[in-house]
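Below, each chain spelled out in residue letters.
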Amino acid sequence: MRYISTRGQSPAFSFSEILLGGLAPDGGLYLPESYPQFTDADLTAMRGLNYRDLAFYILSRLIDDIPAVDLKNIIDNTYRAEVYGFARKSQNADDIAPILKLADNLYLLSLSNGPTLAFKDMAMQLLGNLFEYVLAKKGETTNILGATSGDTGSAAEYAMRGKKGVRVFMLSPHKKMSRFQTAQMFSLQDDNIFNIAVNGVFDDCQDMVKAVSNDATFKAKYKIGAVNSINWGRIVAQVVYYFKAYFAVTTNNAQKVDFSVPSGNFGNVCAGHIARMMGLPIDKLVVATNENDVLDEFFKTGVYRPRGSANTYHTSSPSMDISKASNFERFVFDLVGRDATKVRELWASVDNGGAFDIKHLMSQLAEYGFVSGASNHANRMATIRETKEKYGVVIDTHTADGLKVALEQREKNTPMIVLETALAVKFEDAIVEALGQAAERPAGLFEIENLPQKFTVMDANVAQIKDFIVKHT
Ligand SMILES: *Cc1c(COP(=O)(O)O)cnc(C)c1O
C-alpha cells in the first residue's frame, strides 16, 4: 500500500515512511492510493472478532510494511482492558469500545475509556506504540513539540510516556486549563515528558510551536516532530471502531447504520468516511458541530468558509472549537474524484484566508452519506439533562452535541450510533451547570488534583523554548 498526497505533487510513500511526519512536502495530506475493499465474506469473517483481532484484520490491509507478527503484537499491546479500564460499571472494559444502548435503534459508542477519558486515546495509544517500533527500526529518535488547550496534549503525553526514542515537549497556557486537565498532564513524572506552562493564551503556545518548526535548521538538528490531528496513523486507528460498532448493533451484513460524530478537525468522521469507502454498510454520516459551524455550513450549502482564530468562539464543547477543519481536505479529494489539481485550486484560496464554493457537487455529497447539524450551549445543557432523566446516563458536552444532532437526523428503522468522544467528568463546570452536581469520577481519579506536579513555567518566548529543548536532549 502506497500513500499519496491530496495535492498530487509529492512522491508516494509507505506507511512507516509517513507515520512520523505531518503534511506531505507539497502541503497536502496523505491518503492510500486506493481504499482496500472488504467483501461480504470479509464482513462475515470480521463479525464476532474481538477488538484486537478486528483491528488487525483492518489495519493489516492498510499497513503492509510492518511484518504481520509485529503489527499484531503492537495492536495486542495497545488495546488491552487495563488501558481502557474507565468503562461504566455496566460495561466490559475488555470490549475496548463498548456499545451502550439508550433506546431502540439509539446507541452510544463508548470511546472514552482510555487514560485521558477522551476518544483521542483510541488512536494516540496505537500511535505511541507504532512510533516506538518504527523509531527503533530506523535507529532514530524524535522530539515531539506541541501546543494544547487540553485534550490532544494529554492524550499525546499518555501515549508517549516511557516510550524509547521519544520525548514530548507540550506547551499549554499557564493556569488556563481546568484543574482536572492540568492535573492529568502535570502529574506525569516520566523523564521523557516535559510540560511547559506558558504565560499567555493557547494562540501564544501555538505561535511558539510554529516558530520553532519554521526554523528548518533547528527542526532538523533536534528532530522536531508532531502528533497533530492530520497524522495518518491516527485516522487509520479510528477506522476500526466504526466496524466494531456496526457489528455490535447488527445481525447481518444487509443492514445499514448511521453514525453521529461530534466534529472539529474532521478527523473522526473522516475515519467513518474511509470505513464506508472500504465497504462498511453505513447509510448516514452525521457531522455535528457546535457554534463553530464551518462544517455544518459546508454540508448545508456547499460553501467552505474557514473563520480565522479571531472569529472562533470559546464554547462549552472546547475540543470542537476550531476555525478550520484540518482533515477536511481528505474528504474533498475523494469528492472531486481524486483530482489533485482541483484540490490545489480550492486550497489556494483557503490557504490565503479565503473560501470556496462547490455547490455544484451537492448531489454527490448525499451519495457519500454526509448530513450535518449544530448545537448551541442551551441545546447541550438540555440534552445532558434529558439523557440523564430518560436513560439514566450522564454524557459530556461534546457527546451531547452529537446526540442532539443525531435525534434530528434519526430514522425509525436505522440504528443511530452516537460517538461518545469524552467522559463528563472532564468538563465538571458544564455538568454542574446542567445537572446541579458533578459527574461521578471513575475510581483511580478521585485524588488526581492532589498528586505532585512536574512542569516548567516560561514566557511566550521562542528563544526560551529552543534553549529548553537543547538543554533536555
Ligand atoms: C478532538 C475532539 C473532538 C473533535 O474530533 P475531530 O476528529 O477533530 O473532528 C470531539 N470531541 C472531543 C471530546 C475531542 O477531544
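Above: the structure in question.
Summarised in this report is the structure supplied together with it. (Residues numbered from 1 in each chain as written. Predicted model: local features only at pLDDT ≥ 70, side-chain atom pairs only at ≥ 80, totals over all residues. Heavy atoms only, no water.)

1. Structural notes on the site of the ligand
- The local shell around the ligand holds 15 residues, among which Lys-120, Asp-151, Gly-264, Asn-265 and Asn-268 are the closest.
- Between the ligand and Asn-265 there is a distance of 2.7 Å, counted from an oxygen atom to a backbone nitrogen or oxygen.
- Between Thr-421 and the ligand, the recorded distance is 2.9 Å, taken from a side-chain N or O atom to a nitrogen atom.
- Among the residues making up the shell around the ligand, the classes are represented as 5 nonpolar, 8 polar and 2 charged. (Near = heavy atom within 4 Å. Polar contact = N/O pair within 3.5 Å; in protein donor to acceptor, adjacent residues only side chain to side chain. Nonpolar A, V, L, I, M, F, W, Y, C, P; charged D, E, K, R; others polar.)

2. Considerations on helix H8 (residues 202-214)
- If you check H8, its first and last C-alpha atoms are 18 Å apart, about what 13 residues at 1.5 Å a residue would give, namely 18 Å.
- Taken together, the buried positions of H8 are occupied by Cys-205, Met-208, Val-209 and Val-212. Taken end-on, H8 shows its buried residues confined to a sector of 95°, consistent with a single buried face. (Helix = DSSP H or I, 4+ residues; strand = E, 2+ residues; numbered from the N terminus. Expected span 1.5 Å × (residues − 1). Buried < 20%, exposed > 50% of the residue type's maximum accessible area, 1.4 Å probe, protein only. Arc of directions from axis to C-beta.)

3. Here's the deal with the sheet that holds strand S8 (residues 224-225)
- Here we have 5 strands laid out as an open sheet, ordered S8-S5-S6-S7-S15, and parallel in their pairing. Each edge of the open sheet carries a strand with a single partner, namely S8 and strand S15 (456-459).
- Two strands pair when backbone bridges link them, and strand S7 (residues 193-199) and S15 are joined in this way by 4 bridges, in the parallel orientation. Residue pairing across strands places Ala-197 opposite Val-457, the latter belonging to S15.
- Running at roughly 160° to strand S6 (residues 166-173), helix H6 (residues 151-160) makes contact with strand S5 (142-147), S6 and S7 of the sheet.
- Contacting S5, S6, S7, S8 and S15, H8 runs over the sheet at an angle of about 150° to S5. (Pairing = 2+ DSSP bridges. Contact = heavy atoms within 4.5 Å. Axes fitted to C-alpha atoms, helices over the stretch in contact; angles between N-to-C directions.)

4. Focus on the packing of aromatic side chains
- With the rule as written, the count across this model stands at 32 aromatic pairs.
- Judged by centre distance (4.6 Å) and plane angle (45°), the rings of Tyr-304 and Phe-328 are tilted. Taken together, the positions of Tyr-304 in strand S11 (residues 303-304) and Phe-328 in helix H13 (residues 328-335) put the pair 24 residues apart, joining distant regions of the chain. Across this residue pair, the class does not change: Tyr-304 and Phe-328 are buried.
- Its guanidinium or amino end placed over the ring of Phe-194, Lys-454 lies 5.6 Å from that ring's centre, counting from NZ or CZ.
- Residue placement shows Lys-466 over the ring face of Phe-218; its charged tip is 5.5 Å from the ring centre. (Phe/Tyr/Trp six-rings, centres within 6.5 Å; stacked < 30°, edge-to-face > 60°. Lys NZ or Arg CZ within 6 Å of the ring centre and 35° of its normal.)

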